[in-house]
2 protein chains.
Amino acid sequence: MNIGLDMMGGDFAPEQSLLGVQHYLESEYGSTSDSVVYALGDETMLKPQLQSLIDGGKVVVVHAPDLIAMNEHPTRALKEKPNSAIALGFGMLAQGKLDGFISAGNTGTMLVGAAHIIKPIAGVHRPTIPTYVPKLNGGYSLLLDVGINADCKPENLEQFAMLASVYAQNVLKIDNPKVALLNIGEEEGKGNLLAKAAYDLLKVNTSINFIGNAEGRDIFTGKADVIVCDGFTGNIVLKMAESIYHIFSHKRKVQDEYLETFNYENYGGTPVLGVNKTVIVGHGISSALAFSNMIKQADSIARSGMLGQLVERFQVG
Amino acid sequence: MNIGLDMMGGDFAPEQSLLGVQHYLESEYGSTSDSVVYALGDETMLKPQLQSLIDGGKVVVVHAPDLIAMNEHPTRALKEKPNSAIALGFGMLAQGKLDGFISAGNTGTMLVGAAHIIKPIAGVHRPTIPTYVPKLNGGYSLLLDVGINADCKPENLEQFAMLASVYAQNVLKIDNPKVALLNIGEEEGKGNLLAKAAYDLLKVNTSINFIGNAEGRDIFTGKADVIVCDGFTGNIVLKMAESIYHIFSHKRKVQDEYLETFNYENYGGTPVLGVNKTVIVGHGISSALAFSNMIKQADSIARSGMLGQLVERFQVG
């Protein structure tokens, strides 16, 4: 597999992205994989840093001198900076020269690129991004959407459930993943208008293992492997969980094994689900460990056969 | 003040409600107050337990032999059980024989009683319940609505902001409380349709101190004293926060001073805001400490003059 990484994206790039590539290639997963990391960025800076890995055939540098800033307008940035890592990365991904592309840079640009250069899988109305939710007894659930789709229709939530189920099965290796609807009561008939209508669709969808509602108190218990909600609610949950980690781990100096599983570095970034290729969006503050885990994640997805399954699943008729 | 307490409501009543009354009357607040606790329940059981407090003039027992179960239909229960603590309590509150009424029993019945026997303050479209959110640097914010109003209009969020501002000022003694809109971005123009429309109302409302959006990460930082959202989102946040406390304090045995401020017992229950009297709804699992703090809270609200201010604030014209 050829995995592209924007070396210039993120608050601590390229220092941390360079360290991340090294960390990945020294890890058990990376050192035994035959995949190649395509490092996109300014080659005059990157090549000297990566020379031994280039010589070893593990890394290819792609010259991408343009820089897209964190606050640039996504569509304009992609048009006006064709030699940026993000524009070049999506181009190579669309042409099949890359099997996955990762950036911790301008999130809006990543989402616009995924939706407009890579494009949604036929039948998918809205691409979506999940977050990993640590289960109290180990492993992760997926909660989605976490912010691309602030206003949702019931059909969107149904598709999020289908997308994340296939991801959970193929990438997280969870057999017959349990799907729940995030809601404000346990029983059918509870909720706001959106949740009530989404429940009706989810309970008759035979392609997913729908187990009913999950309340706010069930998010971390592992009741479900996939929890669906609109992007407004999901974004609040995501940022609240991040702040809980920040407050207790960093400010209150609490040391707890379970608390540490809240650290985003454990998975690194989030896949864009529902588009035709493997795209990973990283956290702006991505560290070396986060970059390393994103490369691993992209490689796992690209190898998983998930995209083929999704294309089939959403085929009309 | 005369504060009524349903002695039979809650999973651990009447053991914990009896201990709660004692705890309250032994506390600094309760022992120095001239208020009287009206204990509503089966007098044959209550009187022997409370005899010395009755003799001391601190407690009056009101015979309420009917029991409303946790899962009973609210409207039917109120009609069919006129001698239940909740039905009698609301009756006495409406007649001015009580200045506040508290129950940790059937929540639906409490809300129906508040809305239909006590009734909303003229001009208030929807009564609401907040939750107390512990600020990292001490004290509490209010986040509302947390579940009565699953679907909201922008005008509802505006009224929640007005109601909680007056509560924060009068009861929490926060001067000129900062009001924020729970949202998925910092800047104006972010959010779902509801949040965008609510922002437009909040920013021109001169009766509140609106400071803009608060994201999920800002909930615990004390950025705002009042955070408004629809009841779906708020209920997810509330139950997620409760489970964070439960997981880290009880299951992971984390000992941390800030974590302990998440314990609902610290405030005991939640006021119903926007109705004409002081009504407190308790947690089903209410402990003695929770009951004690609810009595204190009801007494504080009843003394605060908040209701008069609200009536004035919502007066049309």
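All of these numbers come straight from a predicted model, not from anything done at the bench. (Residues numbered from 1 in each chain as written. Chains lettered and ligands numbered in written order. Predicted model: local features only at pLDDT ≥ 70, side-chain atom pairs only at ≥ 80, totals over all residues. Heavy atoms only, no water.)

Peer 1: Outline the pattern of salt bridges, supporting the account with residue identities and numerical values.
Peer 2: Residue and element names in this part refer to chain B. Tallying each qualifying case throughout the model produces 22 salt bridges over all chains. For D225, the salt bridge identified is with K135, shortest N-O distance 2.6 Å. You can see D225 sitting in the loop between strand 8 (209-214) and strand 9 (226-228) and its partner K135 sitting in the loop between strand 5 (130-134) and strand 6 (140-144), a full 90 residues away along the chain. Summarising the burial analysis for this pair, D225 and K135 share the class buried. As a salt-bridge pair, D299 and R303 come within 2.8 Å of each other at their nearest N and O atoms. Within this pair, D299 and its partner R303 are both found in helix 11 (residues 288-304), separated by 4 residues, close to a single helical turn. D299 sits in the buried class, given a relative accessible area of 0%. Taking the relative accessible area as the measure of exposure, R303 reaches 40% and is therefore partly exposed. (Salt bridge = Lys/Arg side-chain N within 4 Å of Asp/Glu carboxyl O. Helix = DSSP H or I, 4+ residues; strand = E, 2+ residues; numbered from the N terminus. Buried < 20%, exposed > 50% of the residue type's maximum accessible area, 1.4 Å probe, protein only.)

Peer 1: Which residues make up the sheet that holds strand 3 (residues 59-63) of chain A, and what values go with them?
Peer 2: All names here are of chain A. The sheet built from 6 strands is open, its strands ordered 3-2-1-4-11-10 with mixed pairing. Lying at the two open borders of the sheet, with one neighbouring strand each, are strand 3 and strand 10 (269-271). For this sheet the average axis-to-axis angle between neighbouring strands, irrespective of direction, equals 20 degrees. Across 3 bridges, strand 1 (residues 2-6) lies against strand 4 (residues 100-103) in parallel orientation. Counterpart to L5 in the pairing with strand 4 is I102. (Pairing = 2+ DSSP bridges. Axes fitted to C-alpha atoms, helices over the stretch in contact; angles between N-to-C directions.)

Peer 1: Break down unusual backbone geometry for me, with residues and values.
Peer 2: The amide bond that connects A:A13 to the next residue, A:P14, takes the cis arrangement and shows omega of 0 degrees. When you line up the elements, A:P14 lands in the loop between strand 1 and helix 1 (15-26). Residue B:L144 is joined to B:D145 through a cis peptide bond whose omega torsion reads 0 degrees. By the element assignment, B:D145 lies in the loop between strand 6 and helix 7 (154-170).

Peer 1: Can you lay out the interface of chain B and chain A for me, pointing to particular residues and giving the numbers?
Peer 2: Taken together, the 39 residues of chain B in the interface contact 39 residues of chain A. Where chain B abuts chain A, roughly 3500 Å² becomes buried across the two surfaces, and 73% of that area is made up of carbon and sulfur atoms. Counting every contact that joins chain B to chain A gives 4 salt bridges. Between the two partners, chain B and chain A, sit 8 residue pairs in polar contact (both at pLDDT 80 or more). Elements with a contribution of two residues or more to the side of chain B that touches chain A: helix 8 (193-204), helix 9 (231-251) and helix 10 (257-260) of chain B. Residue contributions to the side of chain B that touches chain A peak at 15 residues, all from helix 9 of chain B. Broken down by class, the residue content of the side of chain B that touches chain A amounts to 20 nonpolar, 9 polar and 10 charged. (Contact = heavy atoms within 4.5 Å. Buried area = accessible area lost by both parts, 1.4 Å probe. Polar contact = N/O pair within 3.5 Å; in protein donor to acceptor, adjacent residues only side chain to side chain. Nonpolar A, V, L, I, M, F, W, Y, C, P; charged D, E, K, R; others polar.)

Peer 1: Account for the relation of the copies chain B and chain A, with residues named and values stated.
Peer 2: Superposition record for chain B on chain A: RMSD 0.0 Å, screw rotation 180 degrees, translation along axis 0.0 Å. Here the symmetry operator amounts to a two-fold rotation axis. Using C-alpha coordinates, one finds that chain B approaches the rotation axis most closely at B:T233, a distance of 2.9 Å. Interface overlap between copies: 100% of the residues of chain B at the interface are likewise at the interface in chain A, consistent with a symmetric, same-surface contact. (Least-squares fit on C-alpha atoms with pLDDT ≥ 70 in both.)

Peer 1: Requested: an account of helix 11 of chain B, with residues and values cited.
Peer 2: All names here are of chain B. The first and last C-alpha atoms of helix 11 sit 24 Å apart over 17 residues, in line with the 24 Å expected at 1.5 Å per residue. Helix 11 sits mainly inside the fold: 12 of its 17 residues count as buried. Taken as a whole, helix 11 has its buried residues at A288, A290, F291, S292, N293, M294, I295, Q297, A298, D299, I301 and S304. Where helix 11 ends, the next residue or the one after it, G305, has phi of about 80 degrees, a positive value. (Expected span 1.5 Å × (residues − 1).)

Peer 1: Explain the sheet that holds strand 6 (residues 140-144) of chain A to me, and be specific about the residues and the numbers.
Peer 2: All names here are of chain A. Here 5 strands make up an open sheet; going across it, the order is 5-6-9-7-8 and the pairing mixed. With one partner strand each, in any of the chains shown, strand 5 (130-134) and strand 8 (209-214) form the two edges of the open sheet. Neighbour-to-neighbour, the strand axes of the sheet open up by a mean angle of 30 degrees, direction not taken into account. Bridge analysis of strand 6 against strand 9 (residues 226-228) gives 3 bridges, and the strand direction is parallel. Across the sheet, L143 pairs through a bridge with I227, a residue of strand 9. Of the strands in this sheet, strand 5, strand 6, strand 7 (178-182) and strand 9 are in contact with helix 7 (residues 154-170), which crosses strand 9 at around 165 degrees.

Peer 1: I'd like a description of the state of the cysteines, backed by residues and values.
Peer 2: Counting across every chain of the model gives 0 disulfides over all chains. The thiol of A:C152 is not disulfide-bonded; the next cysteine sulfur, from A:C229, is found 8.1 Å away. (Disulfide = S-S within 2.5 Å.)

Peer 1: Please set out the environment of B:N137 residue by residue, giving values where relevant.
Peer 2: Mapped onto the elements of the fold, B:N137 is located in the loop between strand 5 and strand 6. Sequence-wise, B:N137 and B:L18 are 119 residues apart; in three dimensions their C-alpha atoms are separated by 34 Å.

Peer 1: Help me get a handle on the side chain of B:S141, residues and values and all.
Peer 2: Residues and elements named next belong to chain B. Topologically, S141 is positioned in strand 6. Judged by its relative accessible area of 0%, S141 is buried. Excluding anything up to four places from it in sequence, S141 contacts T131, Y132, V133, K135, A224 and D225.

Peer 1: Could you give me a rundown of the packing of aromatic side chains, with the residues and numbers involved?
Peer 2: This model, assessed by the stated rule, comprises 20 aromatic pairs over all chains. On the basis of an interplanar angle of 50 degrees and a centroid distance of 6.3 Å, the ring pair of A:Y24 and A:Y29 is categorised as tilted. The exposure class of A:Y24 is buried, given its relative accessible area of 2%. With a relative accessible area of 26%, A:Y29 lands in the partly exposed category. Linked through ring pairs, A:F220, A:Y258, A:F262 and B:F248 together constitute an aromatic cluster. (Phe/Tyr/Trp six-rings, centres within 6.5 Å; stacked < 30°, edge-to-face > 60°.)

Peer 1: If you had to explain the environment of A:F314 to someone new, which residues and values would you point to?
Peer 2: Residue and element names in this part refer to chain A. With respect to the element layout, F314 can be found in the segment after helix 12 (306-313). With 192 residues separating them along the chain, F314 and A122 place their C-alpha atoms 6.8 Å apart. F314 has contacts with I121, A122, G123, V124, Q159, M162 and L163, leaving out every residue within four places of it along the chain.

Peer 1: Hey, could you go over the side chain of B:S103 for me, with residue numbers and the actual values?
Peer 2: Residues and elements named next belong to chain B. Looking at the element boundaries, S103 is found in strand 4 (residues 100-103). For S103, a relative accessible area of 0% translates into the label buried. Within the structure, the side chain of S103 is placed 2.9 Å from the backbone nitrogen of G105, a separation counted as a polar contact. Those residues in contact with S103, other than ones at most four positions away along the chain, are D6, G9, I86, M110, I280, V281 and G282.

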